[in-house]
Amino acid sequence: MRWITVLVAALSTTVAGFAAAAATTTADTTPPIAWKSCRLGSDDHEGRTLDEAGVRCADIRVPLDYSRPRGRSITIAIARSKATDTTRYAGPLLINLGGPANPVLATVPAAREAMGATGAMFDIIGMDVRFSGRSTPLDCGWPASWLPRSAGSDRESFDRMVALAQNLAGRCARTNAALLAHATTADAARDMDTVRAALGAPTLSFLGYSQGSYLGAQYIQQFPQHAGRIVLDSAIDPDRPGVTVLRDRISAQRREAALRKWAARTAAHDDLLHLGDTPEQVLATVHRVYRAAARRPLHIGSYLVDDTVLPGIIANLLVDDHEDTALELAATIRVFVRAADTGRAEPTEALDAGLAGQLTGAQSAQRSASTATQCGDAPVSRDVETYWRDVQAARATAPLFGPVGATITPCAFWKAPVRRPALIRNGVPALVVQAAGDVNAVLEMGQAMHKDLRASRMITLSGARDHGVYLFRGSTCVDTAVNGYLNTGRLPATDVTCADGWSEGRVTAGRLRGQPPRPGILTELRAIRQERDLLRRRAQGSFTPLIELPVR
């Protein structure tokens, strides 16, 4: 399983005067860290795994409100895997997997292994940002989630999303009113510097993905004097933080293009996937199940999947161009087809998990914290009709995915005050990494981050649709360039463009996930088909299949 998850967004609050204040408040007042076992109890498998990997954990107390340093405090959970190459020791490197609010601590051993000799130079630090993971929680008790959800096919569907968004915002106001105004990326950046000071380090290096790119940009904007080696992967546009990044129409249009590419790929394997033998037929199948869900929710396992849910499920499976993901999307569409045609279907394991995240409260804590940060990072319109007009406009150029990005969110009903974010503009050296075909953080977003960080360099991976490149895609060109910067602190002399390479990608990505290298699923299916044909010919018509493609 990849230790980066998809879903982008980020930004926040006015930070005028923060850098100067933080230089004195963190370094001078933070007590030393009391390291301890990561295990929280006998049933804490995650903590036990961290302990077995030699990782140590700690809780850092930080102010809830940095303007009131002696007021209420909250806990920030961190984990450290100490450097093993002490002769080249480069200090602490903090990793962030975006979200915002994706827990990080459990990934520290995987990051250590994936970074190899480069990681050995650093103390690898995982930090669960405020209100996420093992830090002080912010859980609004949500019975369902809004992201990724669509405005659906008509005004009735949109009005259901309005009601959901209003309900979720109201639950947060009732349960966590005191925390909401302090759930921002700017506050998380200040927490990072508190952690740096507690570690006793003069500088802090950083590796951040997706929304984490904005956290890194906030950190070097506020604390340029403490910036170490900064890598921002799959970066968002720092001028469009928080929930506003989701409304990008280019992203919606490129998801539509990615769906067309997937349809062409799927049509070429119609003998196995049975969704249509031309791209047009495959796309017609997708839109048929969407219309069916709009007429009457599809019964899938214990869930009811309507036209506000189905597009987001599909969008999540277009985040990359891996064969595994393409096949999973095909299996998902087959489930939708079966539900539309027969009245009920059982979900795949991945679909079941996705529906549980959207339609139950199973992930309420993480999704509440993520939304609180997205809403706290930038003000948005409070006018319902503005969103409806945007949905209709977005639908014109991206019929399936335009209403996903343009729909109303809980931020339209947020009760906490939201300050307009400060601009990210500085000359701190940093390295921006972007896949040219990324549909979540599109190339233009990474280019905007590169432009606003005047001393940065940018690595672009051409020919690839992926979200999370360094250590994940398996590009030798990208990984070598990023490692060169992390090893030396010297940026490439110029921007770099790397060509994608699939064969090496499968091997490296498999190694990162702790799994043996394997061929792509569609390649395996072709081999199965050829073997079955051979056996059928040998048996002269008496062949009984030994291997069946599962209908999931």
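Just so you know, these numbers come straight off a predicted model, no measurement behind them. (Residues numbered from 1 in each chain as written. Predicted model: local features only at pLDDT ≥ 70, side-chain atom pairs only at ≥ 80, totals over all residues. Heavy atoms only, no water.)

Participant: How would you summarise the state of the cysteines if you had to cite specific residues and measurements?
Facilitator: If you walk through the whole model with that rule in mind, you get four disulfides. Each bonded cysteine in the protein chain gets a number by its place in the sequence, and the pairs come out as 1-2, 3-4, 5-6, 7-8. (Disulfide = S-S within 2.5 Å.)

Participant: Requested: an account of the sheet that holds strand E5 (residues 204–209), with residues and values cited.
Facilitator: The strand order across the open sheet formed by nine strands is E1-E2-E4-E3-E5-E6-E9-E10-E11, and the pairing between neighbours is mixed. Both outer strands of the open sheet, strand E1 (56–63) and strand E11 (496–499), are each paired with one neighbouring strand and no more. Geometrically, the sheet is characterised by an average inter-axis angle of 20° between neighbouring strands, direction not taken into account. Note: strand E10 (residues 457–462) against E11, four bridges, orientation parallel. By the bridge assignment, Thr460 is partnered in E11 with Thr497. (Pairing = 2+ DSSP bridges. Helix = DSSP H or I, 4+ residues; strand = E, 2+ residues; numbered from the N terminus. Axes fitted to C-alpha atoms, helices over the stretch in contact; angles between N-to-C directions.)

Participant: Tell me about the side chain of Arg395, and please be specific about residues and values.
Facilitator: Along the chain, Arg395 falls in helix H14 (residues 384–397). Nearest to the buried, unbridged Arg395 among oppositely charged side chains is Asp307, at 7.1 Å. Reaching out from Arg395, the side chain makes a polar contact with the backbone oxygen of Gly152 at a distance of 2.8 Å. Those residues in contact with Arg395 that lie beyond four places of it in its chain are Gly152, Ser153, Asp154, Tyr290, Trp388 and Pro403. (Buried < 20%, exposed > 50% of the residue type's maximum accessible area, 1.4 Å probe, protein only. Lys, Arg positive; Asp, Glu negative; His and termini not counted. Salt bridge = Lys/Arg side-chain N within 4 Å of Asp/Glu carboxyl O. Polar contact = N/O pair within 3.5 Å; in protein donor to acceptor, adjacent residues only side chain to side chain. Contact = heavy atoms within 4.5 Å.)

Participant: Explain the pattern of salt bridges to me, using residue names and the numbers behind them.
Facilitator: Evaluated as defined, the whole model comprises 20 salt bridges. Ionic pairing is found between Arg155 and Asp159, a salt bridge with its closest N-O pair at 2.9 Å. Remark: Asp159 and Arg155 occur in helix H4 (residues 155–180); sequence separation between them is four residues, near one turn of the helix. Relative accessible area serves as the criterion here: at 28%, Arg155 is assigned to the partly exposed category.

Participant: Pulling in residues and values, what's your account of the packing of aromatic side chains?
Facilitator: Inspection of the entire model under this criterion finds three aromatic pairs. On the numbers, 5.2 Å between centres and 70° between planes, the contact of Tyr209 with Phe472 is edge-to-face. You can see Tyr209 sitting in strand E5 and its partner Phe472 sitting in the loop between E10 and helix H17 (476–488), a full 263 residues away along the chain. Ring centres of Tyr219 and Phe223 lie 5.3 Å apart, and the angle between their planes is 35°; this geometry places the pair in the tilted category. Phe223 sits in the buried class, given a relative accessible area of 0%. (Phe/Tyr/Trp six-rings, centres within 6.5 Å; stacked < 30°, edge-to-face > 60°.)

Participant: So, the packing of helix H5 (residues 185–199) against helix H6 (residues 211–222): which residues are in play, and what are the values?
Facilitator: Angle between the axes and distance between the axes are the two parameters that describe a pair of packed helices. At a minimum axis distance of 9 Å, the contact between H5 and H6 shows a crossing angle of 65°. As the angle between them shows, H5 and H6 are arranged roughly perpendicular. Where H5 crosses over H6, the two elements pack in a sense that is right-handed. Residues Thr185, Ala186, Ala188, Ala189, Arg190, Met192, Asp193 and Arg196 of H5 touch H6, and the partners they reach there are Gln211, Tyr214, Leu215, Gln218, Tyr219 and Gln222. (Parallel < 35°, antiparallel > 145°, perpendicular 65-115°, else oblique. Left-handed = near helix turned anticlockwise from the far one by under 90°.)

Participant: Could you give an account of the pairing of strand E4 (residues 122–128), with specific residues and numbers?
Facilitator: The buried fraction of E4 amounts to seven of the seven residues, a majority that puts the element mostly inside the structure. Here E4 shows two buried faces, one formed by Phe122, Ile124, Gly126 and Asp128 and the other by Asp123, Ile125 and Met127. Summarising the sheet, strand E3 (residues 91–96) and E4 pair through five bridges and their orientation is parallel. Bridging across to E4, Gly91 finds its partner in Phe122. As a crossover connection, the stretch from E3 through helix H3 (residues 108–119) into E4 is right-handed. (Right-handed = clockwise from strand over helix to strand, strands pointing away.)

Participant: Explain H14 to me, and be specific about the residues and the numbers.
Facilitator: Of all the residues in H14, the buried ones are Tyr387, Trp388, Val391, Ala394 and Arg395. Relative to the axis of H14, the buried residues are bounded by an arc of 130° and lie together on one face. Along H14, the residues that are exposed and aim more than 90 degrees away from the buried face are Arg389 and Ala396. Where H14 is buried, its residues touch H4, helix H7 (249–267), helix H9 (279–295) and helix H15 (402–406). (Arc of directions from axis to C-beta.)

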